[in-house]
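Understanding the architecture of this molecule
The residues making up each chain are set out below.
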Amino acid sequence: MHPGRYQGRGTEMMPINARITRIVDETPSTKTFFLGLTLDGKPGQFVMVWIRGVDDIPMSLSYPDAITVQKVGDATSALFKLRKGDSVRIRGPIGNGFTLSGKSILLIAGGVGAAPLAPLAEEAKGKKIKVKTLLGAKTGDELLFVKRYRSAGDLQTATDDGSEGYKGPVTELLDGLDLREYDQIYSCGPEKMMSRVLEVAKGANMASKTQFSLQRYIKCGMGICGTCCIDPSGLRVCVDGPVFSGETLVDSEFGRYARDASGRKVRL
Amino acid sequence: MDLTTDVGGLKLKNPTILAAGILGTGAASLKRVVQHGAGAVVTKSTGVSPREGHPGPVLIKTEHGFLNAMGLPNPSYHEFVRELEMAKGDVPVIASIFGSDAREFEEVALGLSKASPDAFELNLSCPHAEGYGATLGTDPRKVKEIAKTVKNAVDVPVWVKLPPLANIAEVGLAAQEGGADAVVAINTIPAMAIDVESGYPILGNKVGGLSGAAIKPVALRCVYELCAALNIDVIGVGGISSWKDAIEFIMAGATAIEIGSAVHDDINVFRNISKGIMQFLEKRRCTLDGIRGVAQK
Ligand SMILES: Cc1cc2nc3c(=O)[nH]c(=O)nc-3n(C[C@H](O)[C@H](O)[C@H](O)COP(=O)(O)OP(=O)(O)OC[C@H]3O[C@@H](n4cnc5c(N)ncnc54)[C@H](O)[C@@H]3O)c2cc1C
Ligand SMILES: Cc1cc2nc3c(=O)[nH]c(=O)nc-3n(C[C@H](O)[C@H](O)[C@H](O)COP(=O)(O)O)c2cc1C
């Protein structure tokens, strides 16, 4: 993997029109949109979704042919208004995606961060890799893809309000685990959660065996504009990421700040 | 073989420069481009107040090149000045700035001067931000006034970046009269694309600017005419992705070249172009000065 290259190069797809074939209500705040086409993507890769007349936004693949969206603002609200038969324009898959390795893996997912990790769990299971998942959300009914994680392996849940599973941050479940039992640790979710995962992994000398999927403001999604570059490496989240090894993220902006649409730094 | 180039008041290790608005939002990515061989880097254009830019899509790839309408997103010079300070290092860093009139240009230039950029590049050429860029750059009087105002305000070289125009030499002369140390040509060409499924213009801003291989012949003609008409250095930009493209611009008379869209295929494009130029010159047993402007017949 050469970080300087656009990973999608060569196989890069021109945008295509995708007609929504099915919409599934996953939790009160998230829906899955099946796109009626199979993107040749791997878990952790994303697509740029153009909601016509509104915006073009990054969404991870939650299935080979679907995205799972949390409603947070303009574009996601517009997406929520679409019905079966409506269409969006899709470009992707983009980015590097997770690299699956080892015989036993640990996943730590928070909120809609569970979307890109669920297909990874399933791929791992298919390859007879042992999967353990720690899944967190604000409330029990916001826990995403519980069934998928459970059928892929062992699942422990945590909620902020204690309505299901452990009451407290999902990262506190790490205290009960021996990280050395896992060959690779994958995480996606709120950045404070992920940076805690990295801290714990670092403490166990396992930073190099962690992979995180980052969220940064993505504009062009082609590695040209520079909006999503992270300090101090200057790597582009859109094409050099969005998945980075914990080793790359140690002593970086990760967990501390990000930039908004104008480029201003915002504390996390 | 030595590729050292004196251009617009700066000394560069090689004549490849990162173009404005490409990987230029932060110090870290500018430095990464330097690691990939750029002889100098130009920052993203900065203005007086923060702008989030246009809604997406802001950049699309067509069969014939890239279309963008970023909308000049920037955190304002108040915040960017710190980033600029950190960007300074092994190669010259040129601050690209924009404003709606001479006073705004002056304000931004003075604000960023605290970080001691090696030069300023005045964006008088962005085609898709109402009241900025090309709105000013098509008017020779305004170009001269803005160049003169910034030149008087700062003590580093001032470059003026021009839009593709039929009368580009006239506007270039205005920049020269205003005291510019170099002109940079060209910015993107006004353009658009329409989604046939829905009838929507694809860019969030509906119209934007074309860049990449498709605009090279247009840029080359602009550079050719500027070089014939001006005494100051001309920096070529538009569709350059290989050493051959670069040599063409230098033969047209360009002193140095800027590279934008081509980082999409390979961020190492700067090193590759330098290497290619070097091999070309060695084979020909000549120098950059020896081939510069040979097409001006
Ligand atoms: C690689 C990647 C994968 C993602 N995958 C998913 C996913 O699978 N499911 C999901 O629900 N969300 C995902 N997101 C986040 C999603 O892109 C944003 O929630 C969405 O863009 C919000 O748009 P909006 O107009 O509704 O919100 P806005 O009102 O515009 O903004 C709300 C917040 O969303 C974020 N945001 C807005 N625009 C962007 C953008 N262009 N790029 C990144 N962040 C943005 C900002 O933090 C902003 O504060 C992903 C983000 C990235 C970078
Ligand atoms: C995404 C993008 C953003 C740009 N932003 C700026 C900018 O902020 N200021 C500017 O003067 N030119 C800007 N440009 C224009 C480029 O600097 C360059 O003039 C143009 O793209 C032609 O060169 P190229 O074909 O090598 O890309 C931008 C171009 C692109 C593609």
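Conventions and cut-offs
Residues numbered from 1 in each chain as written. Chains lettered and ligands numbered in written order. Predicted model: local features only at pLDDT ≥ 70, side-chain atom pairs only at ≥ 80, totals over all residues. Heavy atoms only, no water. Near = heavy atom within 4 Å. Polar contact = N/O pair within 3.5 Å; in protein donor to acceptor, adjacent residues only side chain to side chain. Areas by Shrake-Rupley, 256 points an atom, 1.4 Å probe, with all protein chains shown as cover. Helix = DSSP H or I, 4+ residues; strand = E, 2+ residues; numbered from the N terminus. Nonpolar A, V, L, I, M, F, W, Y, C, P; charged D, E, K, R; others polar. Buried < 20%, exposed > 50% of the residue type's maximum accessible area, 1.4 Å probe, protein only. Contact = heavy atoms within 4.5 Å. Axes fitted to C-alpha atoms, helices over the stretch in contact; angles between N-to-C directions. Parallel < 35°, antiparallel > 145°, perpendicular 65-115°, else oblique. Left-handed = near helix turned anticlockwise from the far one by under 90°. Patch = residues over 30% accessible without salt bridge, like charges linked within 9 Å, V, L, I, M, F, W, Y side chains within 5 Å. Salt bridge = Lys/Arg side-chain N within 4 Å of Asp/Glu carboxyl O. Lys, Arg positive; Asp, Glu negative; His and termini not counted. Charge placed at Lys NZ, Arg CZ, Asp CG, Glu CD. Pairing = 2+ DSSP bridges. Buried area = accessible area lost by both parts, 1.4 Å probe.

1. Topic: the site of ligand 1
Residue and element names in this part refer to chain A. Around ligand 1 sit 20 residues, and of these Pro58, Thr68, Gln70, Ala75 and Thr76 come closest. Separating a nitrogen atom of ligand 1 from a side-chain N or O atom of serine 60 is a distance of 3.0 Å. Bound to the protein, ligand 1 loses 79% of the 860 Å² it would expose on its own. Elements with a contribution of two residues or more to the shell around ligand 1: β5 (55–63), β6 (66–70) and α1 (74–81). Looking at the shell around ligand 1, the element that brings in the most residues is β5, giving 4 residues. Residues that form the shell around ligand 1 fall into these classes: 12 nonpolar, 6 polar and 2 charged.

2. Section: helix α2 (residues 77–87) of chain B
Taken as a whole, α2(B) has its buried residues at Tyr77(B), Glu79(B), Phe80(B), Val81(B), Glu83(B), Leu84(B) and Ala87(B). The elements touched by buried residues of α2(B) are β15 (257–259) and β16 (265–267) of chain A together with α1 (27–35), β7 (93–97) and α3 (102–113) of chain B.

3. Thoughts on unusual backbone geometry
In this structure, Pro93(A) follows Gly92(A) across a cis peptide bond, with omega equal to 0°. Within the secondary structure layout, Pro93(A) lies in strand β7 (residues 87–94). In this structure, the amide linkage connecting Ala185(B) to the following residue, Ile186(B), adopts the cis form with an omega of 15°. Of note in this structure, Leu72(B) is not a glycine but carries a positive phi near 50°. Tracing the backbone through its elements, the reader meets Leu72(B) in the loop between β6 (65–68) and α2. Backbone geometry at Lys206(B) places phi at a positive 70°, although glycine is not the residue there. Residue placement: Lys206(B) occurs in the loop between β11 (189–191) and β12 (208–211).

4. What to know about the packing of helix α5 (residues 140–153) of chain B against helix α6 (residues 168–177) of chain B
All names here are of chain B. It is the contact of α5 with α6, at a shortest axis distance of 7 Å, that shows an interaxial angle of 25°. By the angle between their axes, α5 is roughly parallel relative to α6. α6 is crossed by α5, and the crossing has right-handed handedness. Residues Pro140, Val143, Lys144 and Ala147 of α5 lie in contact with α6, whose contacting residues are Glu170, Val171, Ala174, Ala175 and Glu177. Residue composition of the contact of α5 with α6, by class: 6 nonpolar, no polar and 3 charged.

5. A look at a negative patch on the surface
Judged by side-chain charge, Asp141(A), Asp160(A), Asp161(A) and Glu164(A) come together as a negatively charged surface patch. Note on placement: Asp141(A) falls in the loop between β9 (130–137) and α3 (146–152).

6. What to know about the sheet that holds β6(B)
Residues and elements named next belong to chain B. Reading across from one edge, β5-β6-β12-β11 is the order of the 4 strands in this open sheet, with antiparallel pairing throughout. Unpaired on one side and paired on the other, β5 (59–62) and β11 mark the two borders of the sheet. Averaged over all adjacent pairs, the angle separating strand axes in this sheet is 35°, with direction ignored. As defined by bridge partners, β5 adjoins β6 across 4 bridges and the pair is classed as antiparallel. Opposite lysine 61, over in β6, you have phenylalanine 66 as the bridge partner.

7. Considerations on the pattern of salt bridges
All names here are of chain B. What the rule picks out here adds up to 25 salt bridges over all chains. Among the ionic pairs, glutamate 79 bridges to arginine 82, the shortest N-O distance being 4.0 Å. Taken together, the residues span about one helical turn, with glutamate 79 and arginine 82 both in helix α2 at a distance of 3 residues. Take glutamate 79: its relative accessible area is 18%, and that puts it in the buried class.

8. Concerning the interface of chain A and chain B
Each partner contributes to the interface: chain A provides 38 residues, whereas chain B provides 41 residues. Together chain A and chain B conceal approximately 3,200 Å² of surface at their shared face, both sides included; 57% is due to carbon and sulfur atoms. Contact with chain B buries area across many residues of chain A, yet Trp50(A), Met222(A) and Ile224(A) alone supply 19% of it, more than any other trio. Our enumeration of links across chain A and chain B arrives at 4 salt bridges. Here Arg52(A) and Asp195(B) are joined by a salt bridge, their closest N and O atoms 2.5 Å apart. Residues that form the side of chain A that touches chain B fall into these classes: 14 nonpolar, 10 polar and 14 charged.

Read these as layout, nothing more, since geometry by itself doesn't imply function.
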